[in-house]
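Given next are the chains, with one letter for each unit.
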Amino acid sequence: MGLSRLDVFYRRLLLTKLFIGGWGKPEDLKRIFEFRKIIGDREKCKTLVPVDYPVYVNKTEELTDCHIHDGFFISPLEHLVPGILPQEAVKARFQFIVPKRWQRNRPVCIQLAGTGDHFFWRRRTLMARPMIKEAGMASLLLENPYYGYRKPKDQLRSCLKNVSDLFVMGGALILESTVLLRWLEREGYWPLGMTGISMGGYMASLAVTNWPKPIPLIPCLSWSTASSVFTTGVLSRAVNWAELEKQYAVNSVYETEIIKLLEYCGADSFKMGTELQRNVDSLGNLLGLAGALPTKDGRFVKVETQSEVGSSLFSSGRTVTGTITVGHRKKMNSHKCCRPSLHTESISFMKGVMDECTHMANFSVPVDTGLIIVVQAREDAYIPRTGVLSLQEIWPGCEIRYLNGGHISAYLFKQNFFRQAIYDAFNRFSLKYPSSQ
């Protein structure tokens, strides 16, 4: 399938840049990668969050069809990796939307926020309240770190300042989801499940890898890794490559120390040659730039590849005037940091760090993959599936449902399909585990 023109057009309308602060502090990246080794193994995480971790409800509002409870708790990440969260994000806030009358059991679906989904209005209006009306199902909406009340003062809208912020967000949401699932269990709610759209679906998937019991999971418009999102998807044009290249060239710690901490070694690890070019070509064709790579200023530059380049960015190559040939790393002075070979290597490093902290194959497999229903858009230009392992390869037994169109059209017009997948996954759980309560 091709890429959605609406996705490409919509991205062109947004002028803000991602990661204007760069990669993040090297010391923070090291701490995050070490913590990933723990949180990526479910067995090692059994005692990270106490069963009776304190959760507080401080406000309740009654509407015609539901009660809305506002609550909060301190993110466990603050205790486990002190200081890694910005101060504004330490307090995790949530909204619990409960029907006035339960139909049968007391099912609750935790919904994590997608990109740009600040506070709770969007999820409450488009998903939670319709779910009460259609299925009598409650929703718990957790606010992501770096969003809404948890947004750092120096962050512009939804644009994460550093690459490392995405990894901190993921680690926090894994632990915070565990807190909420255990709290809901203590309060007698059942069955419990998790969902999210776009980035929210991805974060929900990460959280479920850490949960030690069977649980319905419905990730919508997300896939197996975030690396393709920022290297070959339309969002790659929003990345501040100029700053990333500069930091990578000037500070040798990224090449000499950080890269040695990257342990992910799946079949798609650093696989940026042929597959990368094929996927970028699809986006480049839509922009009239066939054979192109995203540049530091959001434009695309034509790439001339050699047959001997193979699948790695680190193969030998040459630089040609007006084109880029994938080449090996050459030592550069900081004033030459925008040379094309540095740009391609920065993309490779981005893929490496993203796969290390976001690739589902680097985390435990959910307890029962038969309870997972993935909803995907066939022509999604934001979440490329080319060149990365599929979720079916990583989670054998999961179900993939495809919608026609791209990321934006599915988000705007296919919410009912997302909700139906939630109901189906919960029904599947109830039939398979009727005595789990």
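One can find the structure itself at the top, above this paragraph.
Residues numbered from 1 in each chain as written. Predicted model: local features only at pLDDT ≥ 70, side-chain atom pairs only at ≥ 80, totals over all residues. Heavy atoms only, no water.

On to the overall build of the protein chain, then. When its secondary structure is counted, the protein chain shows 14 helices and 11 strands. Counting across all 437 residues of the protein chain, residues that qualify as buried make up 59%. In the protein chain, once contacts between residues fewer than 6 apart in sequence are set aside, the share between residues at least 24 apart is 76%. (Helix = DSSP H or I, 4+ residues; strand = E, 2+ residues; numbered from the N terminus. Buried < 20%, exposed > 50% of the residue type's maximum accessible area, 1.4 Å probe, protein only. Contact = heavy atoms within 4.5 Å.)

The subject of this paragraph is the pattern of salt bridges. The full count for this structure, using the stated rule, is 18 salt bridges. In this structure, Lys-46 and Glu-43 form a salt bridge, with 3.1 Å as the shortest nitrogen-oxygen distance. The salt bridge partner of Arg-419 is Glu-134, with a shortest N-O separation of 3.0 Å. Note that Arg-419 is positioned in helix α14 (residues 415-432) and Glu-134 in helix α4 (residues 121-135), a separation of 285 residues in sequence. Since its relative accessible area comes to 10%, Arg-419 is described here as buried. (Salt bridge = Lys/Arg side-chain N within 4 Å of Asp/Glu carboxyl O.)

This brings us to the side chain of Ser-222. Assignment of secondary structure puts Ser-222 in the loop between β7 (217-220) and α7 (227-231). Take Ser-222: its relative accessible area is 2%, and that puts it in the buried class. Looking at Ser-222, its side chain comes within polar contact range of the main-chain nitrogen of Tyr-202, at 3.4 Å. When neighbours within four sequence positions are excluded, Ser-222 is seen to be in contact with Ser-198, Gly-201, Tyr-202, Val-374, Gln-376 and Ile-383. (Polar contact = N/O pair within 3.5 Å; in protein donor to acceptor, adjacent residues only side chain to side chain.)

With that settled, consider the packing of aromatic side chains. Enumeration over the complete set of coordinates arrives at 16 aromatic pairs. Here the aromatic rings of Phe-96 and Tyr-189 are separated by 5.2 Å at their centres, their planes lie at 85°, and the arrangement is edge-to-face. Placement of Phe-96 in strand β3 (residues 91-99) and of Tyr-189 in the loop between α5 (163-186) and β6 (192-197) is noted, with a sequence separation of 93 residues between them. According to the relative accessible area criterion, Phe-96 is buried, its value standing at 2%. Their ring planes at 75° and their centres at 5.9 Å tell us that Tyr-254 and Phe-349 sit as a pair that is edge-to-face. In this pair, Tyr-254 sits in helix α9 (residues 253-256) while Phe-349 sits in helix α11 (residues 340-358), placing the two residues 95 residues apart along the sequence. You'll find Tyr-254 and Phe-349 in the same group, each marked buried. Aromatic ring contacts, followed pair by pair, group Tyr-53, Phe-73, Phe-94, Phe-96, Trp-102, Trp-183 and Tyr-189 into a single cluster. (Phe/Tyr/Trp six-rings, centres within 6.5 Å; stacked < 30°, edge-to-face > 60°.)

Let us now look at the packing of α5 against helix α6 (residues 199-209). α6 packs onto α5 with a crossing angle of 55° between their chain directions and a minimal axis gap of 8 Å. Relative to α6, the element α5 lies oblique. When the axes of α5 and α6 are compared, the crossing they make is right-handed. In contact with Leu-166, Met-169, Gly-170, Leu-173, Ile-174 and Ser-177 of α5, α6 contributes Met-199, Met-203, Leu-206 and Ala-207. (Axes fitted to C-alpha atoms, helices over the stretch in contact; angles between N-to-C directions. Parallel < 35°, antiparallel > 145°, perpendicular 65-115°, else oblique. Left-handed = near helix turned anticlockwise from the far one by under 90°.)

Following the sequence through the fold, Ser-205 ends up in helix α6. Residue Ser-205 is classed as buried on the basis of its relative accessible area of 1%. Once you skip the residues sitting within four places of it in the chain, Ser-205 turns out to touch Leu-217, Pro-219, Met-360 and Trp-395.

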